[in-house]
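# An overview of the molecular structure
One letter stands for each residue in the lines below.
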Amino acid sequence: MYSNRRPVIRLSSLPPNLVSMSDRGGCTLVGCPDCGVWRSVKRSMITPHRGPDVPGAEAWPNEFRPLAPWCPGSGQKVKVDLTFEEWRARLAEGCRQAGQRRRTRVMPRPKPPAAPAVVQMAAR
Ligand SMILES: [Zn+2]
């Protein structure tokens, strides 16, 4: 497995909701920056995977369906510089902040009066 030669992504620089870690130090998951799907991190790299399906591929029968090309996010180097506890703390902080946000006030726009029908215009 080769790196895609892009600069290393530090886990601490990603939003905590795009990272998933295990308290047993197992598999770390990252939302692929290219296709946005959860992918596992092995040997400090996002495992190779095929990207989003070719548009219109569903129209083909299974045996003739074209294979999706490799996702350019495959082999992205990732530096795991967070512990499970640090990540959980960041996630909890993000949830707390989102809970404190105020919702926007909806301003209903007044409806313009309906124009009279042609028959009504003649009656006036
Ligand atoms: Zn991807």
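Residues numbered from 1 in each chain as written. Predicted model: local features only at pLDDT ≥ 70, side-chain atom pairs only at ≥ 80, totals over all residues. Heavy atoms only, no water.

### Observations regarding the sheet that holds strand β3 (residues 28–31)
For clarity, the cut-off: Strands qualify as paired when DSSP identifies two bridges or more between them. Working definition: helices are DSSP H or I runs of at least four residues, strands are E runs of at least two. Numbering for both runs from the N terminus.
Within the open sheet, the four strands sit side by side as β2-β3-β4-β5. Their pairing is antiparallel. Whereas interior strands pair on both sides, the edge strands pair on one side only; in this sheet they are β2 (19–20) and β5 (45–46). In terms of strand pairing, β2 meets β3 through two bridges, oriented antiparallel. The residue bridging S20 from the neighbouring strand is L29, located in β3.

### Some words on the pairing of strand β4 (residues 38–42)
Relative to β4, β3 runs antiparallel, the two being bridged by four bridges. Bridge pairing in β4 places V30 opposite R39. Between β3 and the antiparallel strand that follows it, β4, lie six residues; G36 among them carries a positive phi value of about 75 degrees. Inspection of the sheet shows β4 paired to β5 by two bridges, in the antiparallel sense. Opposite V41, over in β5, you have I46 as the bridge partner. Here β4 folds back onto β5, and the loop between the two strands holds two residues, one of which, R43, carries a positive phi near 50 degrees.

### Side note on the coordination of the zinc ion
For clarity, the cut-off: The donor definition counts N, O and S atoms within 2.8 Å of each metal and applies 3.2 Å to Na, K and Ca; water is not among these atoms, so some sites may look incomplete. Geometry is assigned from donor-metal-donor angles: four donors are tetrahedral when every angle falls between 85 and 135 degrees, four are square planar and six octahedral when opposite donors sit over 155 degrees apart with all other angles between 65 and 115, and any other arrangement is irregular. Partly exposed residues are those whose accessible area sits between 20% and 50% of the maximum for their type, while under 20% is buried and over 50% is exposed, using a 1.4 Å probe and protein chains only.
Within the protein, the zinc ion binds to C32 (SG), C35 (SG), H49 (NE2) and C71 (SG); these donor distances fall in the range 2.0 to 2.3 Å. Angles of 101 to 115 degrees at the metal separate the four donor atoms of the zinc ion, which places the site in the tetrahedral class. Written as a sequence motif, the donor arrangement for the zinc ion is C-x2-C-x13-H-x21-C. With C35 in the loop between β3 and β4 and C71 in the loop between β5 and β6 (78–79), the pair connects residues that are 36 residues apart, well separated along the chain. Looking at C71, the relative accessible area reads 4%, which means it is buried.

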